[in-house]
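Residues per chain, in single letters:
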Amino acid sequence: AQSVTQPDIHITVSEGASLELRCNYSYGATPYLFWYVQSPGQGLQLLLKYFSGDTLVQGIKGFEAEFKRSQSSFNLRKPSVHWSDAAEYFCAVGPFGNEKLTFGTGTRLTIIP
Amino acid sequence: GAGVSQSPSNKVTEKGKDVELRCDPISGHTALYWYRQSLGQGLEFLIYFQGNSAPDKSGLPSDRFSAERTGGSVSTLTIQRTQQEDSAVYLCASSFERVGAEAFFGQGTRLTVV
């Protein structure tokens, strides 16, 4: 069965600092991997996705993620965070795309001035 | 509208009552998904509608949960005889039916069973 682990429940970083959110997955075949962001009172918004090809994917809002098959990881990074990045971030894995996505439990990001 | 619309945004119901949650997908999107987000949990897949195919109901937690999609557009998620453990945010998403198509999520319905 597929699963996603986000080991960090809550992360606090200073504005302007770099960010890395961890995601590890378990899946028996080539996974489709996603990062979503959920701001307070909002629905989920897709940041980026990996299906195949280049293992470093670029997303919206200056985010990027790197797929490392050997480590079963898909960590999300941003070189310099902004106060508006404060939100909850979810990593997800799916067999073909969007259907039956398995989500991690999320990482809440707090930004301090 | 431009996005996925869900109604109501909030619903408080008494234990044992039935509730209906509505989802209006983005026009032209033939794939529709329901997920449940419980406090401190990730999102849990419930059901998936794909065009005219039979829905994938494998994520529905019990036979108290059902969903339908009329005319390939609006979907209704029904929970019968609600229990306190049903309290959660129910999220709907829609997308085009092709690999790699982005799923767009609604803002969800927060259900509280008292």
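One can find the structure itself at the top, above this paragraph.
What you are looking at is a predicted structure, and each value in this text was computed from that prediction instead of being measured.

**Student:** Would you take a moment to explain the overall build of chain B for this structure?
**Tutor:** Looking only at helices and strands, one finds 0 helices and 10 strands in chain B. Moving toward the C terminus, one meets the helices and strands of chain B in the order β-β-β-β-β-β-β-β-β-β. The C-alpha atoms of chain B give a radius of gyration of 13 Å, which matches the 13 Å a tight globule of 114 residues would have. Oriented by its inertia axes, the alpha-carbon framework of chain B measures out at about 40 × 25 × 25 Å. Scored against the burial criterion, the 114 residues of chain B give a buried share of 47%. Across chain B, every contact between residues at least 6 apart in sequence was considered, and the portion connecting residues at least 24 apart equals 55%. For chain B, the exposed surface amounts to about 5600 Å²; the carbon and sulfur share of it is 44%. Averaging the locations of the 11 positively and 12 negatively charged side chains of chain B gives two centres separated by 3 Å.

**Student:** Please clarify how the packing of aromatic side chains should be interpreted in this entry.
**Tutor:** Two aromatic rings, taken as a pair, are described by how far apart their centres are and by the angle between their planes. Residue and element names in this part refer to chain A. For the coordinates displayed, the defined rule picks out 15 aromatic pairs over all chains. Plain terms: the ring middles of Tyr-50 and Phe-67 are 4.5 Å apart, the flat faces sit at 25° to each other, and that makes the pair stacked. Separated by 17 residues along the polypeptide, Tyr-50 in strand β6 (residues 44–50) and Phe-67 in strand β8 (residues 64–68) bring together distant segments of the chain. There is no split in this pair, since Tyr-50 and Phe-67 are both buried.

**Student:** How do you make sense of the sheet that holds strand β6 (residues 65–69) of chain B when you look at a structure like this?
**Tutor:** Each strand in a sheet pairs with another by means of backbone hydrogen bonds, the pair being arranged parallel or else antiparallel. Residues and elements named next belong to chain B. Taken together, the 4 strands give an open sheet; going across it, the order is β1-β3-β7-β6, and neighbouring strands pair in antiparallel fashion. Because the sheet does not close on itself, it has two edges, and the strands there are β1 (5–7) and β6. Each strand of the sheet is rotated relative to its neighbour by a mean of 15°, with strand direction disregarded. When β6 meets strand β7 (residues 75–79), the two strands line up antiparallel, connected through 5 bridges. The residue of β7 that forms the bridge with Ser-66 is Thr-78.

**Student:** Looking at this structure, how should I read the nonpolar core?
**Tutor:** Across soluble globular proteins, you tend to see nonpolar side chains buried next to one another. In terms of nonpolar packing, the biggest core is built from 26 residues, with A:Leu19, A:Trp35, A:Leu47, A:Leu48, A:Phe74, A:Leu76 and A:Tyr89 touching the most fellow members. Secondary-structure elements contributing two or more residues to this core are β2 (10–14), β3 (19–21), β5 (32–38), β6, β8, β9 (73–78), β10 (87–94) and β12 (107–112) of chain A. What A:Leu76 contacts, discounting residues up to four positions off in sequence, is A:Leu19, A:Glu20, A:Leu21, A:Trp35, A:Leu47, A:Leu48, A:Phe63, A:Glu64, A:Ala65 and A:Tyr89. Counting 21 residues, the second largest nonpolar core, distinct from the first, contains A:Phe34, A:Phe103, B:Phe45 and B:Val89.

**Student:** Looking at this structure, how should I read empty space enclosed by the protein?
**Tutor:** In this approach the atoms are scanned with a rolling probe the size of a water molecule, which exposes any empty space left behind. Residue and element names in this part refer to chain A. A full pass over the atoms with the stated rule returns 1 cavity of 30 Å³ or more. Along its surface, the largest cavity is lined by Val-37, Ser-39, Leu-47, Lys-61, Phe-63, Ser-84, Asp-85, Ala-86, Ala-87 and Tyr-89. Its residues placed into classes, the lining of the largest cavity shows 6 nonpolar, 2 polar and 2 charged.

Analysis parameters
Residues numbered from 1 in each chain as written. Chains lettered and ligands numbered in written order. Predicted model: local features only at pLDDT ≥ 70, side-chain atom pairs only at ≥ 80, totals over all residues. Heavy atoms only, no water. Helix = DSSP H or I, 4+ residues; strand = E, 2+ residues; numbered from the N terminus. Rg over C-alpha atoms; globule rule 2.2 N^0.38 Å. Buried < 20%, exposed > 50% of the residue type's maximum accessible area, 1.4 Å probe, protein only. Contact = heavy atoms within 4.5 Å. Areas by Shrake-Rupley, 256 points an atom, 1.4 Å probe, with all protein chains shown as cover. Lys, Arg positive; Asp, Glu negative; His and termini not counted. Charge placed at Lys NZ, Arg CZ, Asp CG, Glu CD. Phe/Tyr/Trp six-rings, centres within 6.5 Å; stacked < 30°, edge-to-face > 60°. Pairing = 2+ DSSP bridges. Axes fitted to C-alpha atoms, helices over the stretch in contact; angles between N-to-C directions. Core = buried A, V, L, I, M, F, W, Y, C linked by side-chain atoms within 4.5 Å. 1 Å grid on protein atoms, 1.4 Å probe; cavity = no way out; pocket = protein on both sides within 12 Å on 5 of 7 lines; lining within 4 Å. Points joined across faces, edges and corners; volume = space filled by probe spheres on them. Nonpolar A, V, L, I, M, F, W, Y, C, P; charged D, E, K, R; others polar.

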